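Single-letter residue listing:
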Amino acid sequence: MKRSAQVMRKTRETDILISLDLDGSGKGDIHTGIGFLDHMLEGFAKHGFFDLTVKVNGDLEVDGHHTAEDTGIVLGQAIKQALGDKAGIRRYGSFILPMDETLALCAIDLCGRPYFDYRCTYTAERIGDLDTELIREFFYAVAYSAGMNLHIRMLSGINNHHMAEATFKAFGKALDEAVARDGRIRDVLSTKGSLA
């Protein structure tokens, strides 16, 4: 069964199309209008082995907030749609990712109940053309749209580029583990019998 989704969302602030294949090979075709966000999503796709297409036309003449947040909303919706009833998946995933001096942790539970805890502090207001405060907004939007419990921690780091990149790659690795199929799981991995 193919685990993929295509989601479109159009508002007065953004026009977004995202295609996601959870069982891909890490191919990314990403154009958000924010170069550094493109780079982060390419790393997420590559290291999670997801095929990801992102096309965004946002109101960047205002700032990057709507583009980053709404891209997170649509990516979360695509993850949720691609997973379907979540039968046979491992549900939990975690990864601690080193990148030079940086060490980032990401832990995920695809339980259907959204929760987000983010403990990362940046010393720069911007990385490239992305406001660093929008990284939190992006991940918050993903977590709540996908219905996932998402924890991201920066365990150590100095370089802001490395810190941001490590969080996106760790997210990709943790999500890859959580969505992986396990032959021992016949239905869903829950005593309730549902992950919704």
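Scroll up to find the structure this text is about.
All of these numbers come straight from a predicted model, not from anything done at the bench.

Rules behind the numbers
- Residue numbers here run from 1 along each chain, matching the order of that chain's written sequence.
- Two thresholds apply to this predicted model, a pLDDT of at least 70 for residue-level local features and 80 or more for giving and counting side-chain atom pairs, whereas whole-chain, interface and lining totals are computed over all residues.
- For side-chain calculations, the full set of non-hydrogen atoms in the structure is used, while hydrogens and water are omitted.
- Only strands joined by at least two bridges in the DSSP assignment are considered to pair.
- The secondary structure listing takes helices from DSSP runs of H or I that are at least 4 residues long and strands from runs of E that are at least 2 residues long, numbered from the N terminus.
- Under this scheme, a helix contributes an axis fitted over its contacting stretch, all axes are lines through C-alpha atoms, and angles between N-to-C directions fall in the 0 to 180 degree range.
- Partly exposed residues are those whose accessible area sits between 20% and 50% of the maximum for their type, while under 20% is buried and over 50% is exposed, using a 1.4 Å probe and protein chains only.
- For this analysis, residues touch if any pair of their heavy atoms sits within 4.5 Å.
- Under the rule applied, a polar contact is a pair of N or O atoms within 3.5 Å (in protein, one hydrogen donor and one hydrogen acceptor; residues adjacent in sequence only if both atoms are side-chain atoms).
- Put simply, a crossing is left-handed when the front helix is turned counterclockwise from the back one by less than a right angle, and right-handed when it is turned clockwise.
- We call Asp, Glu, Lys and Arg charged. Ala, Val, Leu, Ile, Met, Phe, Trp, Tyr, Cys and Pro are nonpolar, and the rest, Gly among them, are polar.
- With its strands directed away from the observer, a crossover is right-handed exactly when the path from the first strand over the helix to the second travels clockwise.
- The scheme is simple: roughly parallel for angles under 35 degrees, roughly antiparallel for over 145, roughly perpendicular for 65 to 115, oblique for anything else.

(A) Looking closely at the sheet that holds strand β2 (residues 14-21). With mixed pairing, 4 strands are arranged side by side in an open sheet as β1-β2-β4-β3. The open sheet has two edge strands, β1 (4-10) and β3 (28-31), and neither has a second partner. Across the sheet, the mean angle from the axis of one strand to that of its neighbour is 5 degrees, orientation sign disregarded. Where β1 lies against β2, 7 bridges are found, and the strand directions are antiparallel. Residue pairing for β2: Ala-5 is matched across the bridge by Leu-20.

(B) Layout of unusual backbone geometry. One non-glycine residue with positive phi stands out, namely Phe-49, at about 60 degrees. Assignment of secondary structure puts Phe-49 in the loop between α1 (35-48) and β4 (51-58).

(C) A look at the environment of Asp-70. When you line up the elements, Asp-70 lands in helix α2 (residues 65-83). The exposure class assigned to Asp-70 is buried, which follows from its relative accessible area of 4%. Sequence separation of Asp-70 and Arg-9 is 61 residues, and the distance between their C-alpha atoms is 8.5 Å. Dropping the residues within four chain positions of it, Asp-70 is found in contact with Arg-9, Thr-11, Glu-13, Thr-14 and Ile-16. Looking at Asp-70, its side chain comes within polar contact range of the side chain of Arg-9, at 3.2 Å.

(D) Examining the sheet that holds strand β6 (residues 102-109) more closely. Strands sit in the order β5-β6-β10-β7 across an open sheet of 4 strands; the sheet is mixed. The sheet terminates laterally at β5 (92-99) and β7 (115-119), the two strands that pair on one side only. Along the sheet, successive strands turn relative to each other by an average axial angle of 10 degrees, direction set aside. Across 5 bridges, β7 lies against strand β10 (residues 149-156) in parallel orientation. Looking across to β10, one finds that Tyr-115 is bridged to Asn-149. Against the sheet, helix α3 (residues 133-146) touches β7 and β10, its axis set at about 160 degrees to β7. In the packing of helix α4 (residues 160-179) onto the sheet, contacts are made with β5, β6 and β10, and the angle to β5 comes to roughly 150 degrees.

(E) The arrangement of the packing of α1 against α4 in detail. Put simply, α1 and α4 touch, their axes get as near as 7 Å, and they point 35 degrees apart. Crossing handedness for the pair α1 and α4: right-handed. Where α1 abuts α4, its residues Phe-36, Leu-37, His-39, Met-40, Leu-41, Gly-43, Phe-44, His-47 and Gly-48 lie against His-161, Ala-164, Glu-165, Phe-168, Lys-169, Phe-171, Gly-172, Lys-173, Leu-175 and Asp-176. Across the contact of α1 with α4, the residue classes break down as 9 nonpolar, 6 polar and 4 charged.

(F) Structural detail: the side chain of Thr-32. You can see Thr-32 is positioned in the loop between β3 and α1. A polar side-chain atom of Thr-32 sits 3.0 Å from the main-chain amide nitrogen of Ile-34. Only 2.6 Å separates the side chain of Thr-32 from the side chain of Asp-38, close enough to count as a polar contact. When residues no more than four places from it in sequence are discounted, the contact partners of Thr-32 are Leu-37, Asp-38, Leu-41, Val-54, Val-56, Leu-60 and Thr-67.

(G) Structural context of the pairing of β3. As judged from the 4 bridges shared by β3 and β4, these two strands associate in the parallel manner. By the bridge assignment, His-31 is partnered in β4 with Lys-55. Traced from β3 through α1 to β4, the parallel crossover comes out left-handed.

(H) Local environment of the packing of α2 against α3. Packing of α2 against α3 brings their axes to within 7 Å, and their N-to-C directions diverge by 30 degrees. Overall, the two elements α2 and α3 adopt an arrangement that is roughly parallel. In this structure, α2 crosses over α3, and the sense of that crossing is right-handed. The residues of α3 that touch α2, namely those facing His-65, Ala-68, Glu-69, Thr-71, Gly-72, Ile-73, Leu-75, Gly-76, Gln-77, Ile-79 and Lys-80, are Leu-134, Glu-137, Phe-138, Ala-141, Val-142, Ser-145 and Ala-146. Taken together, the residues of the contact of α2 with α3 break down into 9 nonpolar, 6 polar and 3 charged.

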